[in-house]
Amino acid sequence: MSIIAFITDFGTNDHFVGSMKGAILGIDPNATLVDITHAIAPGDVSSAALALLLSFSDFPKGTIFVVVVDPGVGGDRNALAIKAGPYFFIGPDNGVLSLACKKAGKPIIRSLENTRYFRKPVSMTFHGRDIFGPVAAHLSHGVAFEKLGPEKPSFVLYQNPQVILKGNCLQGNVAFIDRFGNCLTTIKATHFADFNPQQLRVKIKAQKAFPVCSCYCDVAKGKAMGIIGSAGFLEISINQGNAAKDLKLKIGAPVEVYK
Amino acid sequence: MSIIAFITDFGTNDHFVGSMKGAILGIDPNATLVDITHAIAPGDVSSAALALLLSFSDFPKGTIFVVVVDPGVGGDRNALAIKAGPYFFIGPDNGVLSLACKKAGKPIIRSLENTRYFRKPVSMTFHGRDIFGPVAAHLSHGVAFEKLGPEKPSFVLYQNPQVILKGNCLQGNVAFIDRFGNCLTTIKATHFADFNPQQLRVKIKAQKAFPVCSCYCDVAKGKAMGIIGSAGFLEISINQGNAAKDLKLKIGAPVEVYK
Amino acid sequence: MSIIAFITDFGTNDHFVGSMKGAILGIDPNATLVDITHAIAPGDVSSAALALLLSFSDFPKGTIFVVVVDPGVGGDRNALAIKAGPYFFIGPDNGVLSLACKKAGKPIIRSLENTRYFRKPVSMTFHGRDIFGPVAAHLSHGVAFEKLGPEKPSFVLYQNPQVILKGNCLQGNVAFIDRFGNCLTTIKATHFADFNPQQLRVKIKAQKAFPVCSCYCDVAKGKAMGIIGSAGFLEISINQGNAAKDLKLKIGAPVEVYK
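Every value quoted in this text rests on a predicted model; they were computed, and no experiment measured them.

A. Representation of the packing of aromatic side chains. Throughout the structure, instances matching the rule amount to 33 aromatic pairs over all chains. An aromatic cluster is present here, built from Phe 56, Phe 59, Phe 65, Tyr 87 and Phe 89 of chain A joined pairwise through their rings.

Pasting the structure below:
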């Protein structure tokens, strides 16, 4: 009995999440089920890959992540289970698992070909209920990872936009905007670890620079800043405000850090 | 200790779902609680009946379904517990349980009249917390189904639109549109089991016919098809697209299958 | 192992709720996690305080409520754990816990200063994952309340708008509007317990008076009424309709009860 955590594009208005959980509990009634999000836009593999990257390490060892953003369902894409670090990741081979698995470390990849662990009959449109969920449930219930299918040497990688260092300037992009309007960038704290923290400045578009702060409250209410967010990435935020809205930032917008 | 699965029109913005679950866990702290959906439009009995029909059989035997879409709360409608197939269904007697109970088979109906299993005092506006949830919790905690109240011979039936066979044409309707824009119809795979699968065609409005496929990927990206969905009903879908939007289909739209 | 129930402004689109739950389950894998709501508007302390007030007493004794609506995160506001009645409440000291703790009775307040029960490192932006959640998990796992930090004599109070009695008229306000359009007011049933129930009338704006009913069905479909809702407050409702929309009521709108 393990924790099984979900990221999908199913939404929560339809019955899909419930059906997947019902199928899982029929196999392992003692699994602990946790929703990370079901609000990924339909087929948006890169957002799901990022949501997994930002959250997986907050879960305890042994957690099984089921990530179903699967525009190729029923086609010839592979279905995978990956052991990486102390975690298991299950989902389609379209890159959705790749950012987290690379960070978790030393991914061992299995192709889900042992149909013994599928729900029967397997529909052509709902592998969350029929393949990914049941395989996770069997793993949670004690089936050995090795039994899920043959080992594979590689998997589809989702390419995160690169962070570039040009002279005294780190160049990255907005990768994710949260509910509060905080704009998480591709730039990590580790990227500028050797910069002088007192002199760090963040610049977006042609607008004037913001300081990099350690607390929202370091600037006045309504003022912008850079801040290292809870997953270790630089974020553009406004104290008690909505940075994305007020600064008109969208996903992909360029962000620069100067020392 | 059982699985208790929920379909309501409570939404998830207000505290109602939490209050109902709190009341349940006070009676059976070991029940496993699963949300199917709380996003049924207020008072939309037919959508809730359909959501239950589409999902109940994905859950393990013994699951207790609590369905609270109850525009007549506090009035003289009956409250029911129904045993059908290996499942229990609890909710108001307004048809919301009827499609699933008919499919699950041999419904045995009890009227919830034993107030011993209610939360006290019973409010006039929130029977999910005060009657349906607590009764489910007592059932989960080991109370015999027979103790919930006297047996009733019948319950209110929600009439699903009929599928009609005219010559070589099956006539049905769109019954449900999911998050991806897939249009689930009233026509089941079993309705055309004796049709030649190579010659099956789906027709909507006066538009040209689509093939019935076994995988989204059987047609090019952006092309429409009929496909048997995960609950056994014919759906109108577009490969990696939104059929409801692109084909301007709404609930109730006529759909025909030709052999 | 306890029930841990959540009220936050995190929303459910981002990974924040999942991350907080992951951190909790790493400390107490047997905690039962219940979402009350995550849809509080960002930083809306008063709505969160009210949602907690309306729901906490529906939960069993020993439940731990984690309430994270925390616009001052990372600043110098205190973090609290409060024992009140048979419950525990954890959150920032900004008033969000105060309405429920006053009603639960005899609050004993501890300042969360024992960093032993925090997740390390503590981020500056996500104390739900790093402080409030982990402290709740340790409490659930058996750590004594007294160990969480030193006792404090008082906490920030959120001032609920007062109900005023003028002659034969109780004056209050709309405090909360639910998904169905029911308008919960600040006036409690106990406020007019000595009024003659046959003669009670509710008045909003200059509009004509409504009766106070005991069931939605006491008036015709589409007609307005006052009714005592499930948490003991007077609500303005329309039988099978949306009172907020049809009567153009907003939060703060004045409501009067006449005897």
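B. Representation of the interface of chain C and chain A. Counting from both sides, the interface comprises 31 residues of chain C and, opposite them, 28 residues of chain A. A buried area of about 2200 Å², summed over both sides, lies between chain C and chain A, and 59% of it is on carbon and sulfur atoms. By the criterion of area lost to chain A, the three top residues of chain C are Asp 14, His 15 and Thr 125 of chain C, representing 25% of everything that side buries. One can count 2 salt bridges joining chain C with chain A. Scanning the region where chain C abuts chain A turns up 10 residue pairs in polar contact (both at pLDDT 80 or more). In terms of residue count, helix α1 (residues 16-27) of chain C provides more of the side of chain C that touches chain A than any other element does, 8 residues in total. Looking at the side of chain C that touches chain A residue by residue, the class counts come to 13 nonpolar, 13 polar and 5 charged.

C. Structural context of the interface of chain A and chain B. Taken together, the contact pairs 31 residues of chain A with 28 residues of chain B. Between chain A and chain B the total buried area reaches about 2200 Å² when both faces are included, carbon and sulfur atoms providing 59% of it. Ranking the residues of chain A by area buried against chain B places Asp 14, His 15 and Thr 125 of chain A at the top, with a combined share of 25%. Here chain A is connected to chain B by 2 salt bridges. For Asp 58 of chain B, the salt bridge is made with Arg 129 of chain A, and the minimal N-O distance between the two is 3.2 Å. Put simply, chain A and chain B have 10 residue pairs in polar contact (both at pLDDT 80 or more) between them.

D. Representation of the sheet that holds strand β2 (residues 32-37) of chain A within the structure. All names here are of chain A. The 7 strands lie next to each other as β2-β1-β3-β5-β4-β6-β7, forming an open sheet whose pairing is mixed. Only two strands of the sheet have a single neighbouring strand rather than two, namely β2 and β7 (151-152). As paired strands, strand β1 (residues 3-8) and strand β3 (residues 64-68) are joined by 5 bridges and run parallel to one another. Each bridged residue has a counterpart across the sheet, and for Thr 8 the counterpart in β3 is Val 68.

E. Spotlight on the relation of the copies chain C and chain A. Between the two copies, chain C and chain A, the superposition gives an RMSD of 0.0 Å; the rotation angle is 120 degrees and the shift along the axis is 0.0 Å. Here the two chains are linked by the operation of a three-fold rotation axis. Residue Thr 32 of chain C, judged by its C-alpha, is the member of chain C lying nearest the rotation axis, at 5.3 Å. Each copy contacts the other with its own distinct surface, as only 3% of the interface residues of chain C are interface residues in chain A too.

F. Examining the pairing of strand β14 (residues 233-238) of chain C more closely. All names here are of chain C. Most of β14 is tucked away: 6 of the 6 residues are buried. For strand β10 (residues 183-188) and β14, the ladder comprises 3 bridges, and the chain directions are antiparallel. Residue pairing in the sheet places Lys 188 in a bridge with Phe 233 of β14. Alignment of strand β13 (residues 224-228) against β14, held across 5 bridges, turns out to be antiparallel. Its bridge partner being in β14, Ile 228 is matched across the sheet by Leu 234. In textbook terms, the turn of a hairpin is the stretch between consecutive antiparallel strands, and for β13 and β14 this stretch comprises 4 residues, one of which, Gly 232, has a positive phi near 90 degrees.

G. Examining the packing of helix α1 (residues 16-27) of chain A against helix α4 (residues 127-140) of chain A more closely. All names here are of chain A. Axis separation between α1 and α4 bottoms out at 8 Å; the angle between their running directions is 35 degrees. The handedness of the crossing between α1 and α4 is right-handed. Where α1 abuts α4, its residues Ser 19, Met 20, Ala 23, Ile 24 and Ile 27 lie against Gly 128, Arg 129, Gly 133, Pro 134, Ala 137 and His 138.

H. Structural context of unusual backbone geometry. Note that the residue after Lys 120 of chain A, namely Pro 121 of chain A, is joined by a cis bond; omega there is -10 degrees. Tracing the chain through its elements places Pro 121 of chain A in the loop between β6 (108-111) and α4. Non-glycine residue Gln 240 of chain B carries a positive phi angle of around 55 degrees. Residue placement: Gln 240 of chain B occurs in the loop between β14 (233-238) and α5 (243-246).

I. View of the relation of the copies chain A and chain B. Once chain A has been moved 0.0 Å along the axis and rotated by 120 degrees, it coincides with chain B to within an RMSD of 0.0 Å. Interface residue correspondence from chain A to chain B reaches only 3%, placing this contact among heterologous pairings that use different surfaces.

J. Structural detail: the state of the cysteines. According to the stated counting rule, one finds 3 disulfides over all chains in the structure shown. Disulfide pairing places Cys 215 of chain A opposite Cys 217 of chain A at an S-S distance of 2.3 Å. The sign of the S-S torsion, about 115 degrees, decides the handedness of the disulfide formed by Cys 215 of chain A and Cys 217 of chain A: right-handed. Take Cys 215 of chain A: its relative accessible area is 2%, and that puts it in the buried class. Sulfur of Cys 183 of chain B: no disulfide; nearest cysteine sulfur belongs to Cys 213 of chain B and is 15 Å away. With a relative accessible area of 0%, Cys 183 of chain B lands in the buried category. Take Cys 169 of chain C: it sits in no disulfide, and the sulfur closest to it among the cysteines is that of Cys 183 of chain C, at 18 Å. Residue class for Cys 169 of chain C comes out buried when judged on its relative accessible area of 5%.

Rules behind the numbers
- Residues numbered from 1 in each chain as written.
- Chains lettered and ligands numbered in written order.
- Predicted model: local features only at pLDDT ≥ 70, side-chain atom pairs only at ≥ 80, totals over all residues.
- Heavy atoms only, no water.
- Phe/Tyr/Trp six-rings, centres within 6.5 Å; stacked < 30°, edge-to-face > 60°.
- Contact = heavy atoms within 4.5 Å.
- Buried area = accessible area lost by both parts, 1.4 Å probe.
- Salt bridge = Lys/Arg side-chain N within 4 Å of Asp/Glu carboxyl O.
- Polar contact = N/O pair within 3.5 Å; in protein donor to acceptor, adjacent residues only side chain to side chain.
- Helix = DSSP H or I, 4+ residues; strand = E, 2+ residues; numbered from the N terminus.
- Nonpolar A, V, L, I, M, F, W, Y, C, P; charged D, E, K, R; others polar.
- Pairing = 2+ DSSP bridges.
- Least-squares fit on C-alpha atoms with pLDDT ≥ 70 in both.
- Buried < 20%, exposed > 50% of the residue type's maximum accessible area, 1.4 Å probe, protein only.
- Axes fitted to C-alpha atoms, helices over the stretch in contact; angles between N-to-C directions.
- Left-handed = near helix turned anticlockwise from the far one by under 90°.
- Disulfide = S-S within 2.5 Å.

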